[in-house]
Amino acid sequence: MDLYLPIAEMPMNLFLLLGMGAAVGFLSGMFGVGGGFLLTPLLIFSGISPAVAVASVSSQIVANSASGVLAYLRKKTVDLKLGLYLTLSGIIGSAIGVWVYGALRGVGQLDVVIALCYVAFLGTIGVLMAVEAVRAIIAKQRGTPLPVRRPGQHSWIAGLPLRIRFHRSRLYISALPVIALGAAIGFLGALLGIGGGFIMVPALIYLLRVPTTIVIGTTLLQTLGTMAFTTFMQSATNQTVDVILGLALMVGGVVGAQFGARVGQSLRGETLRLLLGLLVLSVGLRFAVDLVVKPEELYSISRIGGG
Amino acid sequence: MIARALRLAAMLIIAPLPLRAETLVTALSTERVSIESNFTGSGVVIFGTVERDRQTVARGAPYEIVVTLTGPLRPMVARRKERVAGIWINRTSSELPRVPSFLAIATTAPMADVAGNPVRARQGLGFDMLPTRGLPDALPPVRTEFDAAFFRLMQKENLFSLNEGSVEFLSPQLFKAPIALPSNVPIGWYTATVYLFSGGVLLAKTTQDFSILKGGFEQAITDLAHQRPALYGLAAVVVACFTGWLAGVAFRRD
């Protein structure tokens, strides 16, 4: 059954959309990440213009993170103050991201920048995750506990000025790295159509030393705020959010996430991290191959102004 | 004054009896194609008759019909990838300031048999004669590699098509030209142009407009997105939050 997408101006199979939403939702429920970094490339590979894909996926991420935040709020594992700082700085980053997005599209270099960013970020994060997980698995099999890296109180981050107390996270740290992190994630989210959870979670744990129990809920709060703003901005400036497309992805995504969460709970943490690392890495490699291999068609055409 | 009147009278006498050429009467099967949520492509049929009477000259060659369906004109840009530092990126580009977003050509016979290059160049008729910069000219347009890529890619996306022999004469004078509209057909005003040729000479030409529009619901969404973008953005966020909340409630496990 085909569904005509009014903003994308093309029909797509409804079950394909629901299926893609469900598959990505399954993985995101399993690994506890948003899944935008998988969904946006999937839509682009299936023929939807990058402009519409990036903007519409942001609305799907809003739905996903909204249901997640609610669950974590009930468990009271969200640092609202830290989340607010990250969200406000994320909105600034997002505004810059939406602007850069439009400028790059105008000069025809958007696709290559998106591909390069995917290669750089997914490649790096994927390798780090996989290596860390493999080391943890090996250590477990040998029975030797991995040397626990104590949260270093004397890192360069601790020396920065403008310190603020975050009670819920039991932190007294400078606002500068918090704002920089939020803005960077917001910028990448708008530019690449990703929630950025897979970057935010390790950054909060390893850089800011936020307790792991609070990290996921706080990250989801930041994702919700930033992506709601991104959806609004993409609609207002680029007019590329397709609500029909977004809705189909949301419905598939929220259902898939429930099943994914159940499978995820039955897997070991290290195994899960290894699988996620390999998944992230393979998406990055896919983009890298496209960049390096000589394309069959060297030419491309696009409309000037819009579309 | 008198001399002028005389000259006019002389011209009228000397001039041969007017031999009337054929006239073309055409009609479209639909004047409006509406794109609903289940749209997967459609079609339009152009009907026509070649009208002639006793004064019409007898033609030695058969009638040939060419029908073009042209979509809204748009500025496009063609880009070429080149290898820079090991990766393939868009380097050179060329603008095509006014090109159709859709062009379907249907004929009774191979284009080369219907009319020669000079005739088609003047009309801008055919992919090889369609001007990508400026207006049709007596000489065939010069094609760059970017123009060639544009025509190749538009055909690959089913937006440009050439169907030689798809126009059918139902009787010696009545013909029909079915034209398929693919699922990715652009929205807007279309012009159907019918050319009547005989022996390589253009005898008559008609044009007719029709529109391809989105259906009520699809159009309402598009209108909202383009005319009230802030409201649309707000609505999109509210819909997303509501869906997320609903899912959270529906699948609550604690």
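This structure is a prediction, so every number in the text was calculated from the model and none was measured. (Residues numbered from 1 in each chain as written. Chains lettered and ligands numbered in written order. Predicted model: local features only at pLDDT ≥ 70, side-chain atom pairs only at ≥ 80, totals over all residues.)

Turning to the overall build of chain B, a few remarks are in order. Along chain B, the regular secondary structure elements total 6 helices and 12 strands. The C-alpha atoms of chain B give 26 Å as radius of gyration, which overshoots the globular expectation for 254 residues (18 Å, by more than 25%). Considered along the principal axes of its C-alpha atoms, chain B spans approximately 100 × 50 × 45 Å. Residues counted as buried form 28% of the 254 residues belonging to chain B. Taking contacts inside chain B between residues at least 6 apart in sequence as the whole, the part at least 24 apart equals 67%. (Helix = DSSP H or I, 4+ residues; strand = E, 2+ residues; numbered from the N terminus. Rg over C-alpha atoms; globule rule 2.2 N^0.38 Å. Buried ≥ 20, exposed ≤ 12 C-beta atoms within 10 Å, placed from the backbone. Contact = placed C-beta atoms within 7 Å.)

Our focus in this paragraph is helix α7 (residues 197-207) of chain A. Residues and elements named next belong to chain A. When we look at burial in α7, the residues that qualify are G197, F198, I199, M200 and L204. Looking at the buried residues of α7, the elements they touch are α2 (36-45), α5 (110-142), α6 (175-192), α8 (212-238) and α10 (269-292). Just beyond α7, the residue with positive phi is R209, at close to 60°.

Residues and elements named next belong to chain B. Each assigned domain of chain B is listed with its residue range as follows: domain 1 (18-214) and domain 2 (216-249). Taking only C-alpha atoms, the centre of domain 1 and the centre of domain 2 are 38 Å apart. With 5 residues of domain 1 at the contact, the number on the domain 2 side is 4 residues. Tallied by class, the residues present in the side of domain 1 that touches domain 2 amount to 2 nonpolar, 1 polar and 2 charged. (Domains from an automatic or database assignment. Nonpolar A, V, L, I, M, F, W, Y, C, P; charged D, E, K, R; others polar.)

With that settled, consider the sheet that holds strand β10 (residues 174-181) of chain B. All names here are of chain B. An order of β1-β3-β10-β9 is seen for the 4 strands of this open sheet, with the pairing classed as antiparallel. On the outer flanks of this sheet lie β1 (23-28) and β9 (168-169), each paired with one strand and no other. Examined bridge by bridge, β1 and strand β3 (residues 42-51) share 6 bridges and lie antiparallel to one another. Looking at the pairing, L28 lines up with I46 of β3. (Pairing = 2+ DSSP bridges.)

To continue, consider the pairing of strand β4 (residues 171-174) of chain A. Residues and elements named next belong to chain A. Note that strand β3 (residues 163-166) and β4 share 4 bridges and pair antiparallel. By the bridge assignment for β4, F166 is matched with L171. The hairpin formed by β3 and β4 contains 4 residues between the paired strands, and R170 there has a positive phi angle of roughly 55°.

We now examine the environment of F37 of chain A. Residues and elements named next belong to chain A. Residue placement: F37 occurs in helix α2. Separated by 30 residues in the primary sequence, F37 and S67 place their C-alpha atoms 19 Å from one another. Contact partners of F37, with chain neighbours within four places excluded, come to L122, I194, F198 and V283.

Residue and element names in this part refer to chain A. Remark: helix α4 (residues 80-106) packs on α8, axes separated minimally by 8 Å, with the N-to-C direction vectors making an angle of 30°. Considering their axes alone, α4 and α8 lie roughly parallel with respect to each other. For the pair α4 and α8, the sense of crossing is right-handed. Where α4 abuts α8, its residues L82, G83, L86, T87, G90, I91, S94, A95, V98 and G102 lie against T218, L221, Q222, G225, T226, F229, T230, M233, Q234, T237 and N238. (Axes fitted to C-alpha atoms, helices over the stretch in contact; angles between N-to-C directions. Parallel < 35°, antiparallel > 145°, perpendicular 65-115°, else oblique. Left-handed = near helix turned anticlockwise from the far one by under 90°.)

Counting residues in each nonpolar core, the largest one holds 146 residues, and the members touching the most others are L5, V62 and A248 of chain A together with I65 and V67 of chain B. Summarising the domain contributions, this core has at least three residues from each of domain 1 (18-214) and domain 2 (216-249) of chain B. (Core = buried A, V, L, I, M, F, W, Y, C linked by C-beta atoms within 7 Å.)

Turning our eyes to something else, we now look at the sheet that holds strand β4 (residues 63-70) of chain B. All names here are of chain B. Spatially, β2-β12-β11-β4-β7-β8 is the arrangement adopted by the 6 strands of the open sheet, whose pairing is mixed. Each having just a single partner strand, β2 (32-35) and β8 (160-164) make up the two edges of the open sheet. Sheet twist, expressed as the average angle between the axes of neighbouring strands with direction ignored, equals 15°. As judged from the 11 bridges shared by strand β11 (residues 188-198) and strand β12 (residues 201-214), these two strands associate in the antiparallel manner. Bridge pairing in β12 links S198 to V201.

Turning our attention to the interface of chain B and chain A. How big an interface is tends to be stated in terms of accessible area lost as the parts join. The partner chain A presents 44 residues to the 50 residues of chain B that form the contact. Among the elements of the structure, β5 (73-84), β6 (87-100), α4 (145-156), α5 (216-227) and α6 (229-250) of chain B are those that each provide at least two residues to the side of chain B that touches chain A. The element contributing the most residues to the side of chain B that touches chain A is α6 of chain B, with 15 residues. For the side of chain B that touches chain A, the residue count by class is 27 nonpolar, 14 polar and 9 charged. Direction of pairing for strand β5 (residues 299-303) of chain A relative to β5 of chain B: antiparallel, over a ladder of 5 bridges. Following the sheet pairing, R303 of chain A is matched in β5 of chain B by M76 of chain B.

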